[in-house]
Amino acid sequence: MNFWLLLLIKVGLVLGVMLPGALVIIFGELKISAHMQSRIGPYFAGGRFGWAQPLADGLKFMQKEDLVPADADDRVYKLAPYVVLMGTLALFVVLPFGPETVARDLDLGIFYVLAVSSLSTLGVLMAGWSSANKYSLIGGLRAAAQLIAYELPLVLAVIGVAIMAGSLSLNDIVTAQANWQWFDTLPTWVNIIPPYMILQAVGLVIFLTASLAELSRIPFDMPIAESELTMGYLTEYSGLRFTMFFLGEYAGMVAMAAVAATLFLGGYWLPFVSDDVLNFVGPVVLLTKVMLIAFVFIWLRWTFPRLREDQLQTIAWKWLIPAGLANIVLTGFFKVVF
Amino acid sequence: MTQLDPRAAMHLSDAAVSVEIETPDMTLNIGPQHPSTHGVLRLVAKVDGERISSVDPVIGYMHRGYEKLAEVRTYAQITALVNRIDWVSGFANEIPFIAAIERLMDLEVPERAQYIRLILTEMARISSHLVFMSSYPLELGAATPLMHALREREHVLELLESVTGGRFHPNFNRVGGVKPAAGGGSTMKKQSQDLPAGFLAATRDAMDSVLAICDDLDRLVTGNELFHARTIGVGVIPTAKALEYGLSGPNLRASGVKFDLRKVENILPYDGIDFEIPIGQNGDCFDRYFVRNEEIRQACRIIQQAIDKIPSGPLQAKVPRILKVPKGETYVRAENPKGEMGYHVISEGGRIPYRVKIRSASFSNLSILPWILEGELVPDMVAIMGSLDFVLGDVDR
């Protein structure tokens, strides 16, 4: 097939997964938070259950005035939301949705994921700096500090998985999980459990915590911190650009949840199902796992207060990084001995 | 030698950059439109990074001139004004003012009216503290307690409304008693209407649901590790400082002073009721939260006992139709949900007071801000301001 046609299909596929995924999570957040707070949540938009509320919100944002502060650094200010969104979108390129359903199976899959996911923080920093607003600036600087603190645990958590699977390619990691055999003495149903969920439990917890910080969601939403910094780096944004940030946040949630699902929960893999079938069922399986992890994110967000910036650093440097290092040592030991 | 421009210094060679680059404090203007300033408080803060080196509160954006207005209004009209001072506990604001007039006129208030005042004051206290319970976690980023606490507060407000006809501004007290409850009508002009039917039983039920929400909030907020991390040891006010700055109410008690005007003053019949004064030990944000949480429980206890004790009888003492207060002056204070609220009323005789000086709790509680915020972080600023629980209407009047 023509290279360009293929590229178009792949880009379409990535967008087709990312945008509806983000919308579903936005809707989930509206509804789940409503139920947690004894409210009903969206009800009328779209006719039933208010399913069209995220779309209606998006349409509303698009109609709003696109405001650029007079003192803002015009070009940086306008570019920032797209940098945020781009970082997230590019992440989907290497995500395997099935044994062969993957836009580009890079050998350095995880490496690419980690590198690209930091790009969106660059966008946040750009937004904070260019807004010509002190609150935005503080928010942007907080985001930068957060990135440095949390990129490391994220990498350390992933290294454990890479050692276990013996590869950096995401597809190989899923295959390694699919081929994993527990001890023969155990009954066969044990094979249902994704192996890395148990063996890399420490890594999973570190990864989820760090990705919460990376996504700047409560309890790590200091870059936004509505009650302190009004809206942090988002303060001056409105209209379509705000929508891009908003979408980027939730697309980021889909992306990080998908990476976590791939690394720790077996990705598209379903036990006792052949590869041919997985090519079709895989995306559904992966998205189900993504939604489960997204639910945990939403659950945490509506339960906890936010931490302080220095407490966030304490958690990263004193707890997550040592735990991540210990996890690597143990994983290496395990790999060599068994 | 002239001062080296820091910007220029950055471009010099390594040898010359040993000059320390000055980093002047940034002036951060917080408010008057800011999510955590409870209305229109403005703080001019000097921040070094995220650390506040000094803060200068600017008040007055909400000044409505009630003290001046009181000089041209009749006493009955002023009752409507004082409702709006601390609007989350409107009923409690009326009590000391009405009591001051009654003291000047030397009036004996019927006991049933006294008990109705007591029950409604404690309801105002519950509603005010539930607002704190909901808004404080929200300021720290937890949105869920808000909805649950406000839901229960709605029960209390509905009861208040059923008696007084108003949720926020009841304007229910009359000199010498309470207003005949809603539903009088022209044909029954002479007949004084009592509490609505079933009010006391409904109040008892509402108290049970308020106690239940206190337990829920304990599980969701009070025991939450992250909430502890944000509040314990933050914004400590030692006892001496609390007294020095004239703090009152829960803020004072959180610093370990066992002082409650309900036990000291006898303008409402608290002496026959058994309740405890919760106090804190460290005077930090968590203690201020905890004292209020406990005060809701105590208020429920007070209301339950008052319902058992409420006597029957008239609601209103004999008062002349045109209210004229004899010459004299008095100061009456009461324990408002936010702290000590007092009115210094000076009467030259006649229908209009000569001067009404309002001592509001939030104004004094707020005065500690420059001292306590110095050297704190910006996120802690939000935690501390929230824990002092002031209302701007109560600050500016």
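Residues numbered from 1 in each chain as written. Chains lettered and ligands numbered in written order. Predicted model: local features only at pLDDT ≥ 70, side-chain atom pairs only at ≥ 80, totals over all residues.

Time to look at the overall build of chain B. Secondary structure assignment for chain B yields 16 helices and eight strands. Projected onto its principal axes, the C-alpha coordinates of chain B cover approximately 95 × 50 × 35 Å. Taken over 397 residues, chain B has a buried fraction of 48%. (Helix = DSSP H or I, 4+ residues; strand = E, 2+ residues; numbered from the N terminus. Buried ≥ 20, exposed ≤ 12 C-beta atoms within 10 Å, placed from the backbone.)

Quick look at the overall build of chain A now. What chain A contains, in helices and strands, is 13 helices and zero strands. The secondary structure elements of chain A, listed N-terminal to C-terminal, are α-α-α-α-α-α-α-α-α-α-α-α-α. Taking 2.2 N^0.38 as the reference for a compact globule, 338 residues should give roughly 20 Å; the C-alpha atoms of chain A span a radius of gyration of 20 Å, in line with that estimate. Reported as C-alpha extents along the three principal axes, the dimensions of chain A are approximately 70 × 50 × 45 Å. In chain A, buried positions account for 48% of the 338 residues. (Rg over C-alpha atoms; globule rule 2.2 N^0.38 Å.)

All right, on to the interface of chain A and chain B then. Every contact between the two is made by 22 residues of chain A and, on the other side, 25 residues of chain B. Secondary structure elements with two or more residues in the side of chain A that touches chain B: helix H6 (134–165), helix H10 (226–229) and helix H13 (309–337) of chain A. Per-element accounting of the side of chain A that touches chain B gives the leading share, three residues, to H10(A). Classifying every residue of the side of chain A that touches chain B by side-chain character gives eight nonpolar, six polar and eight charged. (Contact = placed C-beta atoms within 7 Å. Nonpolar A, V, L, I, M, F, W, Y, C, P; charged D, E, K, R; others polar.)

Residue and element names in this part refer to chain A. Among the nonpolar cores identified, the biggest contains 202 residues, and Val254 and Ala257 are the most heavily contacted of them. Counting residues per element, this core draws most heavily on helix H11 (residues 239–264), which supplies 17 residues. Beyond its immediate sequence surroundings of up to four residues, Val254 is in contact with Met18, Gly21, Ala22, Ile25 and Val290. (Core = buried A, V, L, I, M, F, W, Y, C linked by C-beta atoms within 7 Å.)

Residues and elements named next belong to chain A. Residue Ser38 is not a glycine yet carries a positive backbone phi of 50°. Along the chain, Ser38 falls in the loop between helix H1 (3–36) and helix H2 (53–63). Unusually for a residue other than glycine, Phe49 sits at a positive phi of about 60°. Among the structural elements, Phe49 can be located in the loop between H1 and H2.

With 21 residues, helix H6 (residues 144–164) of chain B should reach 30 Å at 1.5 Å per residue; the first-to-last C-alpha distance of 30 Å fits that figure. Note on H6(B): the residue one or two positions beyond its end, Gly165(B), has a positive phi of about 90°. (Expected span 1.5 Å × (residues − 1).)

Let us look at the sheet that holds strand E3 (residues 51–58) of chain B. Residues and elements named next belong to chain B. Pairing in this open sheet of three strands is antiparallel, and the strands run E1-E2-E3 from one edge to the other. What marks the edges here is a single partner per strand, and that holds for strand E1 (26–30) and E3. In this sheet, neighbouring strand axes are inclined to one another by 20° on average, regardless of whether the strands run parallel or antiparallel. Here E1 pairs with strand E2 (residues 42–48) via five bridges, running antiparallel. When the bridges of E2 are listed, Ile30 appears paired with Leu43. (Pairing = 2+ DSSP bridges. Axes fitted to C-alpha atoms, helices over the stretch in contact; angles between N-to-C directions.)

Residue and element names in this part refer to chain B. The strand order E6-E7-E8 describes an open sheet built from three strands, whose pairing is antiparallel. Looking at the sheet topology across the chains shown, the edges are occupied by strand E6 (328–336) and strand E8 (355–359). Within the sheet, the average angular offset between the axes of one strand and its neighbour, ignoring direction, is 10°. Bridging between strand E7 (residues 339–347) and E8 involves five bridges; their strand directions are antiparallel. Across the sheet, residue Tyr343 finds its bridge partner in E8, namely Ile358. Packing against the sheet, helix H4 (residues 90–105) makes contact with E6 and E7, and its axis sits at approximately 150° to E6.

This next bit is on the environment of Phe61(A). All names here are of chain A. Along the polypeptide, Phe61 turns up in helix H2. Sequence separation between Phe61 and Leu152 is 91 residues, and the spatial gap between their C-alpha atoms is 35 Å. What Phe61 contacts, discounting residues up to four positions off in sequence, is Gly239, Leu240, Phe242 and Thr243.

With that settled, consider the packing of H2(A) against H11(A). All names here are of chain A. In contact at an axis separation of 6 Å, H2 and H11 are set at 145° when each is read in the N-to-C sense. As H2 runs across H11, the sense of the crossing is right-handed. Only Gly239, Leu240, Phe242 and Thr243 of H11 make contact with H2, whose side of the interface consists of Gly58, Phe61 and Met62. Taken together, the residues that form the contact of H2 with H11 break down as four nonpolar, three polar and no charged. (Left-handed = near helix turned anticlockwise from the far one by under 90°.)

This next bit is on the pairing of E6(B). All names here are of chain B. As paired strands, E6 and E7 are joined by nine bridges and run antiparallel to one another. For Ala334, the partnering residue across the bridge sits in E7 and is Met341. The hairpin formed by E6 and E7 contains two residues between the paired strands.

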